[in-house]
Amino acid sequence: MTRSKLEYIWLDGYYPTQNMRSKTKVVEDFSGKLEDCPVWSFDGSSTKQAEGGDSDCLLKPVAIYPDPARKDGFLVMTEVLNADGTPHPTNARATIDDDDNDFWFGFEQEYFIMDTHTQLPLGFPIGGYPGPQGLYYCSVGGRNTHGRDFVEEHADLCIEAGLTFEGINQEVASGQWEFQLFAKGAKKAGDEIWVARYLLDRLTEKYGYYIEYHPKPVKGDWNGSGMHANFSNTLLRTCGSKETYEKVCEAFRPVAKEHIDVYGEFNDQRLTGLHETASINDFSYGVSDRGASIRIPIITVEQGWKGWLEDRRPASNADPYKVAGRIIETVKSANI
């Protein structure tokens, strides 16, 4: 008889920025298959998802990955349901209109590694600032590169867990890094970002760090953090038409506010029109333009207008389920 540890992961009811919660269920002779993960429950009154007098919420397993840091362990991403089995209002995953997995997403998750003792990003001295931006991006060497051991270990964990992990790089500010994930299917892409974030946050406990997902944690002339969303569907992957791409982009213009509303808290501090961002008050798109709201990658153009688009507006603290759901709704509304 073997006993396995299933780590159930869910999103709480804090608004507008939800937090990850998790707890462990030990089961006997587990097959490792999603369909054999039982529905579980938790105290929703402790996570702002229920009242104390009627506090049970359900956890419905939706994705499973081996846990590379625990013996006989598995990471189980779940959706939160009401006691009657209907999706909880905080369950954005259940609202994504992509049952056929036609939409592909590649998320670029930026973040700052913070030292728990100094409460500052790695590389920042107490009472001052490191050298200005310019030499940190994709740097090598101890003068400008901070946290590589931690980042490399996180990458290994994600790969061992079976996530579609695509890469890592140090970002423009000191102590700022990025990882990339890709998935065919919007729900799967969201699952993998959340599981990767879980592994990232859990790993900080070993190093004496914590992760700052705030889109502008360091004020002044420092880059903020985003979660750029690269996306495509069959139309964008095959149309071969500049006009079609422009119609899809134009569909985003009248609903720009609706997108910003789900693209992350405090995003106004990041989307200023500076530091490789478009202003939160404007909407724009352009080929190879990292200062636009939506960038049309040069590769898409060179492939004869067959490829993908990048929405550069989502903040680092955004919920990938909400981002993907809103993008899908807008793309499907385009008058093609």
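Because the structure is a prediction, the values reported are computed rather than measured. (Residues numbered from 1 in each chain as written. Predicted model: local features only at pLDDT ≥ 70, side-chain atom pairs only at ≥ 80, totals over all residues. Heavy atoms only, no water.)

Caption draft 1: View of the packing of aromatic side chains. A complete count under the given rule lists 17 aromatic pairs for this structure. On the numbers, 5.1 Å between centres and 75 degrees between planes, the contact of Phe30 with Phe74 is edge-to-face. Of this pair, Phe30 sits in the loop between β2 (20-28) and β3 (40-43) while Phe74 sits in strand β5 (residues 73-81), and the two are 44 residues apart along the sequence. Taking relative accessible area as the criterion, Phe74 reaches 18% and is therefore assigned buried. Here the aromatic rings of Phe105 and Phe231 are separated by 6.3 Å at their centres, their planes lie at 35 degrees, and the arrangement is tilted. Taken together, the residues span a long stretch of sequence, with Phe105 in strand β6 (residues 104-115) and Phe231 in strand β10 (residues 227-232) at a distance of 126 residues. You'll find Phe105 and Phe231 in the same group, each marked buried. Linked through ring pairs, Phe105, Phe107, Phe231 and Phe252 together constitute an aromatic cluster. (Phe/Tyr/Trp six-rings, centres within 6.5 Å; stacked < 30°, edge-to-face > 60°. Helix = DSSP H or I, 4+ residues; strand = E, 2+ residues; numbered from the N terminus. Buried < 20%, exposed > 50% of the residue type's maximum accessible area, 1.4 Å probe, protein only.)

Caption draft 2: Expanded view of empty space enclosed by the protein. Under the criterion given, the structure shown has two cavities of 30 Å³ or more. For the largest cavity, the full set of lining residues is Leu11, Thr78, Glu79, Val80, Thr90, Asn91, Ala92, Arg93 and Tyr321. Per-element accounting of the lining of the largest cavity gives the leading share, three residues, to β5. For the lining of the largest cavity, a count of residues per class yields four nonpolar, three polar and two charged. Of the voids in this model, the second largest cavity is the one considered here, and its volume is about 30 Å³. Taken together, His228, Arg270, Leu271, Glu276, Thr277, Ala278, Ala292, Arg312 and Arg313 make up the lining of the second largest cavity. Classifying every residue of the lining of the second largest cavity by side-chain character gives three nonpolar, two polar and four charged. (1 Å grid on protein atoms, 1.4 Å probe; cavity = no way out; pocket = protein on both sides within 12 Å on 5 of 7 lines; lining within 4 Å. Points joined across faces, edges and corners; volume = space filled by probe spheres on them. Nonpolar A, V, L, I, M, F, W, Y, C, P; charged D, E, K, R; others polar.)

Caption draft 3: Fine view of the pattern of salt bridges. Taken as a whole and assessed by the stated rule, the structure comprises 17 salt bridges. A salt bridge links Lys187 to Asp99, with the shortest nitrogen-to-oxygen separation between them at 3.5 Å. Residue Lys187 is found in helix α2 (residues 186-207), and its partner Asp99 is found in the loop between β5 and β6; the two are separated by 88 residues along the sequence. Judged by its relative accessible area of 67%, Asp99 is exposed. Of the charged contacts in the structure, one is a salt bridge between Arg237 and Asp102, with a shortest N-O distance of 3.3 Å. Of the two residues, Arg237 sits in helix α3 (residues 234-238) while Asp102 sits in the loop between β5 and β6, which places them 135 residues apart along the sequence. Side by side, Arg237 and Asp102 carry an identical accessibility label, which is buried. What you see here is one network of salt bridges that share partners, running through Glu79, Arg93 and Asp191. (Salt bridge = Lys/Arg side-chain N within 4 Å of Asp/Glu carboxyl O.)

Caption draft 4: Structural view of the sheet that holds β5. Taken together, five strands build an open sheet; the order of strands is β2-β1-β5-β4-β3 and the sheet is mixed. Edge positions in the open sheet fall to β2 and β3, since each of these has one partner strand only. Pairs of neighbouring strands in the sheet enclose a mean axial angle of 40 degrees, with direction left out of account. (Pairing = 2+ DSSP bridges. Axes fitted to C-alpha atoms, helices over the stretch in contact; angles between N-to-C directions.)

Caption draft 5: How the structure looks around a negative patch on the surface. Residues Asp43, Glu51, Asp54 and Asp56 make up a contiguous surface patch of negative charge. Topologically, Asp54 is positioned in the loop between β3 and β4 (56-66). (Patch = residues over 30% accessible without salt bridge, like charges linked within 9 Å, V, L, I, M, F, W, Y side chains within 5 Å. Areas by Shrake-Rupley, 256 points an atom, 1.4 Å probe, with all protein chains shown as cover. Lys, Arg positive; Asp, Glu negative; His and termini not counted. Charge placed at Lys NZ, Arg CZ, Asp CG, Glu CD.)

Caption draft 6: Unusual backbone geometry, seen in detail. With an omega dihedral of 0 degrees, the bond running from Tyr15 to Pro16 counts as a cis peptide bond. Examined against the element boundaries, Pro16 turns out to sit in the loop between β1 (3-11) and β2. The backbone of Asp29 shows a phi angle near 50 degrees, a positive value even though the residue is not glycine. Backbone geometry at Glu276 places phi at a positive 65 degrees, although glycine is not the residue there. The topology assignment puts Glu276 in the loop between α5 (256-261) and β11 (285-287). According to the relative accessible area criterion, Glu276 is partly exposed, its value standing at 41%.

Caption draft 7: Spotlight on the environment of Lys5. Checked against the element boundaries, Lys5 lands in strand β1. When the C-alpha atoms of Lys5 and Thr24 are compared, they prove to be 6.2 Å apart, with 19 residues separating the residues in sequence. Setting aside residues no more than four positions away along its own chain, Lys5 makes contact with Thr24, Lys25, Val26, Arg70, Lys71, Asp72, Gly73 and Phe74. (Contact = heavy atoms within 4.5 Å.)

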